[in-house]
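Per-entry structural report
For reference, the chains in residue letters:
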Amino acid sequence: MLGEKYNLPTIDIFNDNGTISEAAGMYVGMDRFDVRKQIEQDLINAGLMEKVEDYTNKVGKSERTKVAIEPKLSMQWFLKMDKLAKPALEAVMTDNLKFYPPKYKSTYKYWMENIKDWCISRQLWWGHRIPAYFLPEGGFVVAENIEEALRLAKEKSGNANLQASDLRQDEDCLDTWFSSWLWPVSLFDGINNPGNEEIKYYYPTCDLVTGPDIIFFWVARMIMAGYEYMGDMPFRNVYFTGIVRDKLGRKMSKSLGNSPDPLKLIEDYGADGVRMGMMLSAPAGNDIHFDEALCEQGRNFNNKIWNALRLVKGWRVEDKPQTEAAAAAVKWFDKKLNAAIIEIYDQFSKYRLSEALLRVYKLFWDEFSSWYLEMVKPAYGDAIDTATYNATLEYFEKLCLLLHPFMPFISEEVWQSITERKEGDSIMRASWPKAGATDDALLDKFEAVKELVSAIRTVRLQKNIPAKESIKLNIISEGHNPEYDCVVIKMCNISEINKVSAKDPMAISFLVRTTEYEIPMAQNINIEEEIKKTKAEIERFEGFLKGVMAKLSNERFIQNAKADIVERERKKKSDAESKLVSLREKLKSLGV
């Protein structure tokens, strides 16, 4: 390359058998490895050797023979690329053909603007043979077959007596990518049978999914071939996956031996577990640092789906009125599911596949399993009403459809189990769920309900109050919406919800958004333990207040510190004093 840049003469010092050629001027006919040793000895004998030492260097070696590979000039076939690249570059840069993620457009642009002529010949004994035929007296012709080559050779040489046996076909094969760049056309027999019904219907295709490491080798060349031979792009969108690497960041390969056995992973975690775990951590174009923990996460999700199915199918169903809590849950999840379907549609349209999977994952794990099923689950030994049960099965079926592109096996199995299917029915042929109406106001109200439920459960956990023990809930301030009290009562085992005008000093208070609540604790707390804890809190805040007061009584601090810092310290003083008043009142209520 440097020689071409500076117009230097090209010299080939090797013969085909690895010996030194006449062009070298010295050591002619010697084997390349012998010459290396001889040059060292000759330099020593001439007194020109400074020193001899071993050092590690990267030398390319043959994969099969393990022998060092030497750069050697040889006659090759090249394809001129500059004109082919222009329409292919324009298509991508104008977004007629879109890349996802678009950051790879810059890589594509660099390659296409600096494109070199393509060496399409390979010295292999397999592959598509170069269709070039050499004439006895010199020169060559390029033809589709030997008959065509003979006709062209007679015209070129003027020798009507030429025979097919007089021609010699080039022994080289075409570069593998030279066959691959025709894939979108040859797939529909567009080369042998141009304009056939299949290629007219399917070409151009919609999406190509591939790795970013072959943007130039394959993607760019398919685009160039498409415009050259079909006059149109071969596909409309290209989605680039990440490259799976090991924990050290190395690309997985056979030679490094750092690739896990996929069959062993499937045996340990299930095919869907491996697939889902990998996809969940693979945003478009970003490399994945493989860890078996990803597969374990996928397996755990599979277990969650199975357990949800076993729970629902284990319920006893009766034709009875729907409970208020179940009716509220069904109404809420319907709107939640519709909003999720719209969001997932949008993510698919933007090729954010890992985000779409994450949305379905959270929808099933959090919203459906952790909230909806808990809200509609009948009491132990009781039956569920028909309306709620049918709605639950409908939601389960839609969730299976959303999961199917990511987890095809378990979604098929669960879908078949939800209800009785006809012979030959498959989720693969079922329609993708359509989104109905959404209600943002309802969803926001329910989020507040979930926050309230979580806060009550936190108090239970902190105070070691068993879930089976009912508790009261007091509303201290304004802002509470009683519309979904039925859900709070069921989810938290609340005996009653009351609006109170004054705080109970023996209660645990907490804030949900702008509304303050409290849970009376007279029946549920250990007085001695609570006194000890309250005294410790008073001592802590007194120490904190002492430190703040020391700063505020220091005139140098007041004069030199920024105004906002001084104001912050005064706010700390006010908050600490207020908290101490509250704690001392609590101590009095405990009889101290």
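Report on the accompanying structure.

About the criteria used
- Residues numbered from 1 in each chain as written.
- Predicted model: local features only at pLDDT ≥ 70, side-chain atom pairs only at ≥ 80, totals over all residues.
- Heavy atoms only, no water.
- Patch = residues over 30% accessible without salt bridge, like charges linked within 9 Å, V, L, I, M, F, W, Y side chains within 5 Å.
- Areas by Shrake-Rupley, 256 points an atom, 1.4 Å probe, with all protein chains shown as cover.
- Salt bridge = Lys/Arg side-chain N within 4 Å of Asp/Glu carboxyl O.
- Helix = DSSP H or I, 4+ residues; strand = E, 2+ residues; numbered from the N terminus.
- Phe/Tyr/Trp six-rings, centres within 6.5 Å; stacked < 30°, edge-to-face > 60°.
- Buried < 20%, exposed > 50% of the residue type's maximum accessible area, 1.4 Å probe, protein only.
- Contact = heavy atoms within 4.5 Å.
- Pairing = 2+ DSSP bridges.
- Axes fitted to C-alpha atoms, helices over the stretch in contact; angles between N-to-C directions.
- 1 Å grid on protein atoms, 1.4 Å probe; cavity = no way out; pocket = protein on both sides within 12 Å on 5 of 7 lines; lining within 4 Å.
- Points joined across faces, edges and corners; volume = space filled by probe spheres on them.
- Nonpolar A, V, L, I, M, F, W, Y, C, P; charged D, E, K, R; others polar.
- Right-handed = clockwise from strand over helix to strand, strands pointing away.
- Core = buried A, V, L, I, M, F, W, Y, C linked by side-chain atoms within 4.5 Å.
- Parallel < 35°, antiparallel > 145°, perpendicular 65-115°, else oblique.

Further remarks concern a nonpolar patch on the surface. Together, L2, Y6 and L8 make up a nonpolar patch on the protein surface, roughly 360 Å² of accessible area in all. Looking at the element boundaries, L2 is found in helix α1 (residues 2-5).

Applying the stated criterion to the full structure yields 36 aromatic pairs. On the basis of an interplanar angle of 90° and a centroid distance of 6.0 Å, the ring pair of W181 and Y229 is categorised as edge-to-face. Here Y229 lies in helix α9 (residues 215-229) and W181 lies in the loop between α6 (176-180) and α7 (183-186), a separation of 48 residues in the sequence. By relative accessible area, which is 46% here, Y229 ends up partly exposed. Pairing W332 with F446 gives two aromatic rings, centres 4.9 Å apart and planes at 15°, and the pair type is stacked. Highlighted residues: W332 in helix α13 (residues 324-349) and F446 in helix α17 (residues 440-462), separated in sequence by 114 residues. Here W332 falls in the buried class, since its relative accessible area comes to 0%.

Now for unusual backbone geometry. Geometrically, the link from Y100 to P101 is a cis peptide bond, its omega value of -5° lying close to zero. Here P101 is to be found in the loop between β2 (98-100) and α4 (104-113). Y203 connects to P204 through a cis peptide bond whose omega is -5°. Residue placement: P204 occurs in the loop between α8 (197-202) and β9 (205-210). Non-glycine residue Y27 carries a positive phi angle of around 55°. Examined against the element boundaries, Y27 turns out to sit in the loop between α1 and α2 (32-45). According to the relative accessible area criterion, Y27 is partly exposed, its value standing at 22%. You will see that Y351, though not glycine, has its phi angle at about 60°, which is positive.

Take helix α16 (residues 408-418) next. For α16, the full list of buried residues reads P408, I410, S411, E412, V414, W415 and I418. Residues of α16 that are buried sit in contact with α11 (271-280), α12 (292-313) and α15 (386-403).

The next point concerns the sheet that holds strand β5 (residues 132-134). Two orientations exist for strands paired in a sheet by backbone hydrogen bonds: parallel and antiparallel. Strands sit in the order β6-β5-β7 across an open sheet of three strands; the sheet is antiparallel. The sheet is open, and its two borders are formed by β6 (140-142) and β7 (168-169), each paired with just one other strand. Each of β5 and β6 is contacted by helix α5 (residues 146-157), which is oriented at about 135° to β6, the strand it contacts most.

We now examine the layout of surface pockets. Rolled over the atoms, a probe with the dimensions of a water molecule shows which regions are left empty. What the largest pocket holds in volume is close to 730 Å³. Lining the largest pocket are 24 residues, with M1, E4, F78, K116 and D117 sitting closest to its centre. Contributions of two or more residues to the lining of the largest pocket are made by α4, β3 (118-119), β4 (121-122) and α9. Residue composition of the lining of the largest pocket, by class: twelve nonpolar, six polar and six charged.

Moving on: the pairing of strand β15 (residues 471-475). Side-chain direction in a regular strand flips from residue to residue, so the side chains alternate between the two faces of the sheet. Burial analysis of β15 places four of its five residues in the buried class, the great majority of the element. With five bridges connecting them, β15 and strand β16 (residues 494-499) associate as parallel partners. Considered in β16, the bridge of I471 is made with I494. Taken together, β15, helix α18 (residues 485-492) and β16 form a β-α-β motif whose crossover is right-handed. Bridge analysis of β15 against strand β18 (residues 515-520) gives two bridges, and the strand direction is antiparallel. Looking across to β18, one finds that I475 is bridged to Y517.

This part is about the sheet that holds β18. Reading across from one edge, β16-β15-β18-β17 is the order of the four strands in this open sheet, with mixed pairing throughout. Among the strands making up the open sheet, the edge pair consists of β16 and β17 (507-512). Between one strand and the next, the sheet's axes are offset by a mean angle of 25°, whatever the strand orientation. Together, β15, β16, β17 and β18 form the strand contacts of α17, whose direction differs from that of β17 by roughly 150°. Lying on the sheet, α18 is in contact with β15 and β16; it crosses β16 at an angle near 140°.

Below, the discussion takes up the nonpolar core. Judged by nonpolar contacts, the single largest core of 75 residues is most densely connected at Y372, F396, I456 and F510. Top element by residues in this core is helix α14 (residues 353-376). It accounts for twelve residues. Dropping the residues within four chain positions of it, F396 is found in contact with I305, A308, L309, V312, F364, F368, V414 and I418. With 37 residues, the next largest nonpolar core counts M112, F216, M224 and A225 among its residues.

The angle between the axes and the distance between the axes are what describe a pair of packed helices. Where α14 contacts α17, the axes come no closer than 13 Å and their chain directions differ by 85°. Here α14 is positioned roughly perpendicular relative to α17, judged by the angle of their axes. Listed contacts from α17 to E367, W371 and M375 of α14 are F446, K450, V453 and S454. Within the contact of α14 with α17, the residues separate by chemical class into four nonpolar, one polar and two charged.

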